[in-house]
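Inside the fold
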Amino acid sequence: MYDPKSLKAEEFISHDEIMDSLKFAEENKDNKELIRKVMDKAALGKGLDHREASLLLEVDDPEIVDEMFKLAEKIKLDYYGNRIVMFAPLYLSNYCVNGCTYCPYHHQNKHIARKKLTQDDIRREVIALQDMGHKRLALEAGEDPVNNPIEYILESIKTVYSIHHKNGDIRRVNVNIAATTVDEYRMLKEAGIGTYILFQETYNKESYEKLHPTGPKHNYAWHTEAMDRAMEGGIDDVGLGVLFGLELYRYELCGLLMHAEHLEAVHGVGPHTISVPRVRHADDIDPADFDGGVDGGITDDLFARIIAIIRIAVPYTGMIMSTRENKAMRERALHLGISQISGGSRTSVGGYDEPEPEEENSAQFDVSDNRTLDEVVKWLMDLGYIPSFCTACYREGRTGDRFMTLCKNNQILNCCHPNALMTLKEYLTDYARPETKAVGEALIEKELPRIPHDKVRKIAEEYIQEIEHGKRDFRF
């Protein structure tokens, strides 16, 4: 039985409901009247359910697919504008007790370099990230109660927030660590985290257990119900994601959207973000070894359609794409709904302060986009996007349903848009190369008139002038 309000994983992610939905989609993929009805509903910008999204995934009419792509871009612009939020991952430790078959951190891997940052290491890494211009980090760590206990994560968060270097500050720390208890989620909330991120990897319970043969992550229910515990612990911004390529993509898309529906039904707020990683080569990992990997056929074209459908189905959520993807795929995805990307990333434990020696490789996956943050920032601006280093909503308490209300009421242009321009101005003033600064200054002049509210626009203009003269951290 499918019950989105249930707190039991196998009820709100019902295998039978997923299979029925996929059967429905297959049987109706040539039903032009029904497809048109779903597309008309999608055009309202209020979202689709998992069955409707599954149907769109089966459509092979080029005109309808093109319409989906254009609609996804329109919905992204309506909800989030042309801002692209910037962040960087910081890997604290790759010690892990799990046996995940797709991750080189699995405990059987005896030749990968095992590392754990000390608090002094973290200070050096954060200063290096601040010197690049970053304001938002995603902390990553393997699951290991001895090497990476919650106390270590909490101390690391405190260290990150304590570092004030030149004009740099990390203003938002998101955390991607293993599923844990309500009490420990409460500790993370009290430590001031932004979003709690946890990828499901796969929603197929049978496959999940095979992919996680050993370790605490083997427990499907404990992992899948983690977001409910996080929200019970007071964290109202949570980030979902699957690792596309591990399992058949139709199943994953349907399960992912059912999870979003569950969070909305139970907690009144859906996922703050949805990430769309694809399985990648890393140390002893080959994507072709998995059912949905290289031989499973997640081509760039199919991946683009998946991204577009998620944007259409869950219009309010932020969508994240990392440096797993190359420049061409990232550029394509920006037009299909992606609203956050990383820049200048390292997937090794550390590596920002000093490059990691090749013989000490500790990377979780191969990076496909190796450009510097400044190169990514200029590239985005050349494409007409505003690179945003904003963290205002988190620090103003606009999280969970308060942020979603802002987003759903299309108030981004009066709030997030000026915040994006002000944080871009900070970046340009403090970190950008001359050619990047020139492009950015012209973009700010072009974008300021797009702020609808006269008073907000005038205040933003004044703040931008004050940033030029040395003041920092203005926000609406």
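Residues numbered from 1 in each chain as written. Predicted model: local features only at pLDDT ≥ 70, side-chain atom pairs only at ≥ 80, totals over all residues. Heavy atoms only, no water.

**Quick notes on the pattern of salt bridges**
What counts, and what does not: The salt bridge criterion pairs a side-chain nitrogen of Lys or Arg with a carboxyl oxygen of Asp or Glu, the two atoms within 4 Å. The secondary structure listing takes helices from DSSP runs of H or I that are at least 4 residues long and strands from runs of E that are at least 2 residues long, numbered from the N terminus. The buried label applies to any residue whose accessible area, calculated with a 1.4 Å probe on protein chains only, is under 20% of its type's maximum; exposed applies above 50%, and partly exposed to all values in between.
Scanning all chains against the criterion turns up 36 salt bridges. When the shortest N-O distance is used, the salt bridge between Glu58 and Arg250 registers 2.4 Å. Linking Glu58 in helix α4 (residues 50-58) with Arg250 in helix α12 (residues 249-267), this pair joins segments that are 192 residues apart in sequence. Between Asp382 and Lys378 there is a salt bridge whose closest N-O contact spans 2.9 Å. Residue Asp382 and its partner Lys378 are both found in helix α15 (residues 373-382); the two are separated by 4 residues, about one turn of the helix. Given a relative accessible area of 22%, Lys378 falls into the partly exposed group.

**Looking at the packing of helix α2 (residues 15-27) against α4**
Short version of the rule: Here an axis means a line fitted to C-alpha atoms, over the contact stretch when the element is a helix, while the angle between two N-to-C directions is reported on a 0 to 180 degree scale. Roughly parallel means an angle under 35 degrees; roughly antiparallel, over 145; roughly perpendicular, 65 to 115; everything else is oblique. Helix crossings get a hand from a simple test, with the near helix turned counterclockwise from the far one by less than a right angle marking a left-handed crossing and a clockwise turn marking a right-handed one. Any two residues whose heavy atoms approach within 4.5 Å at even a single point are treated as in contact. For this scheme, ten residues count as nonpolar: Ala, Val, Leu, Ile, Met, Phe, Trp, Tyr, Cys and Pro. Four count as charged, namely Asp, Glu, Lys and Arg, and the remainder, Gly too, count as polar.
Following both chains from N to C, one finds α2 and α4 inclined at 45 degrees, their axes separated by 8 Å at the closest point. The orientation of α2 relative to α4 falls into the category oblique. At the point where α2 passes α4, the crossing takes the right-handed sense. Across from Glu17, Asp20, Ser21, Leu22, Phe24, Ala25 and Glu26 in α2, the residues of α4 making contact are His50, Arg51, Ser54, Leu55 and Glu58. Of the residues that constitute the contact of α2 with α4, the class distribution is 4 nonpolar, 3 polar and 5 charged.

**Some details on the environment of Gly255**
Along the polypeptide, Gly255 turns up in helix α12. For Gly255, a relative accessible area of 0% translates into the label buried. Residues Gly255 and Glu331, 76 residues apart in the sequence, show an inter-C-alpha distance of 27 Å. Residues in contact with Gly255, not counting those within four places in the same chain, are Ile13, Ile18 and Tyr203.

**What about the pairing of strand β5 (residues 172-176)?**
Inclusion rule: For two strands to be treated as a pair, DSSP must find at least two bridges joining them.
Among the 5 residues of β5, 5 are classified as buried, and the element is accordingly described as predominantly covered. Residues Arg172, Asn174 and Asn176 point to one face of β5 and Val173 and Val175 to the other, with burial holding for every one of them. In this structure, strand β2 (residues 136-141) lies alongside β5, joined through 5 bridges in parallel fashion. Bridged to Glu140 within β5 is Asn176. In this sheet, strand β6 (residues 193-197) lies alongside β5 in parallel orientation, the contact comprising 2 bridges. The residue bridging Val175 from the neighbouring strand is Tyr196, located in β6.

**Concerning the packing of aromatic side chains**
The criterion, for reference: Stacked, edge-to-face and tilted are the three classes for Phe, Tyr and Trp ring pairs, Trp counted by its six-membered ring, which pair at centre distances within 6.5 Å; planes under 30 degrees apart are stacked, over 60 edge-to-face, the rest tilted. A ring has a charge above it when a Lys NZ or an Arg CZ is no more than 6 Å from the ring centre and no more than 35 degrees off the ring normal.
Per the stated rule, a full pass over the model turns up 9 aromatic pairs. Geometrically, the ring pair formed by Tyr80 and Phe403 is tilted, given 6.4 Å between the ring centres and 40 degrees between the ring planes. Of this pair, Tyr80 sits in helix α5 (residues 62-80) while Phe403 is found in helix α17 (residues 400-408), placing the two residues 323 residues apart along the sequence. Here Tyr80 and Phe403 have matching classes, each one buried. On the basis of an interplanar angle of 10 degrees and a centroid distance of 5.1 Å, the ring pair of Phe389 and Tyr427 is categorised as stacked. Of this pair, Phe389 sits in the loop between β11 (386-388) and α16 (392-395) while Tyr427 sits in helix α18 (residues 412-430), and the two are 38 residues apart along the sequence. Accessibility expressed as a relative area gives 2% for Phe389, which makes it buried. Among the aromatic residues, those joined into a cluster by ring pairs are Phe389, Tyr427 and Tyr431. The ring of Tyr152 carries the charged tip of Lys116 above its face, separated from the ring centre by 4.3 Å. For Arg229, the ring lying beneath its charged end belongs to Trp222, and the centroid distance is 3.5 Å.

**A short note on the packing of helix α14 (residues 327-334) against α15**
Packing of α14 against α15 leaves a shortest axis separation of 12 Å and a crossing angle of 40 degrees. By the angle between their axes, α14 is oblique relative to α15. Helix-helix and strand crossings are classified by hand; for α14 and α15 the assignment is right-handed. The segment α14 lies against α15, with Lys327, Arg330, Glu331 and Leu334 engaging Val376, Trp379 and Leu380. For the contact of α14 with α15, the per-class residue count stands at 4 nonpolar, no polar and 3 charged.

**Quick notes on the side chain of Lys76**
For clarity, the cut-off: Charged residues are defined here as Lys and Arg on the positive side and Asp and Glu on the negative side; His and the ends of the chain fall outside this count. N or O atoms closer than or at 3.5 Å make up a polar contact, with two conditions inside protein: a donor-capable atom paired with an acceptor-capable one, and, for residues adjacent in sequence, both atoms drawn from side chains.
Following the sequence through the fold, Lys76 ends up in helix α5. No salt bridge is formed by the buried Lys76. Its closest oppositely charged neighbour is Glu73, at 8.3 Å. From its side chain, Lys76 meets the backbone oxygen of Gly81 in a polar contact 2.7 Å long. Dropping the residues within four chain positions of it, Lys76 is found in contact with Gly81, Asn82, Arg83, Ile84, Arg311, Gly337, Ile338 and Ser339.

**Observations regarding empty space enclosed by the protein**
Here is the rule we go by: A pocket here means an open set of points on a 1 Å grid, computed over the protein atoms alone, that has protein on both sides within 12 Å along at least five of seven lines. A cavity is instead a set of points where a 1.4 Å probe fits but cannot get out; residues with an atom within 4 Å of a point line either one. Grid points are joined across faces, edges and corners, and a volume is the space filled by probe spheres set on the points.
Applying the stated rule across the entire model yields 5 cavities of 30 Å³ or more. Taken together, 49 residues make up the lining of the largest cavity; nearest its centre are Tyr91, Glu140, Asn176, Phe199 and Gln364. At the level of elements, β1 (83-93), β2, β5, α10 (220-224), β9 (318-321) and β10 (340-342) are the ones that each hand at least two residues to the lining of the largest cavity. Ranked by residues supplied to the lining of the largest cavity, first place goes to β2 with 4 residues. For the lining of the largest cavity, the per-class residue count stands at 29 nonpolar, 14 polar and 6 charged. Empty space within the second largest cavity amounts to approximately 240 Å³. Arg83, Val85, Arg136, His272 and Phe403 are the residues nearest the centre of the second largest cavity, which is lined by 18 residues in total. Going through the elements one at a time, β1 and α16 are the ones with two or more residues in the lining of the second largest cavity. Class assignment of the residues belonging to the lining of the second largest cavity gives a composition of 8 nonpolar, 5 polar and 5 charged.

In short, the description is geometric, and any link to function would need to be established separately.
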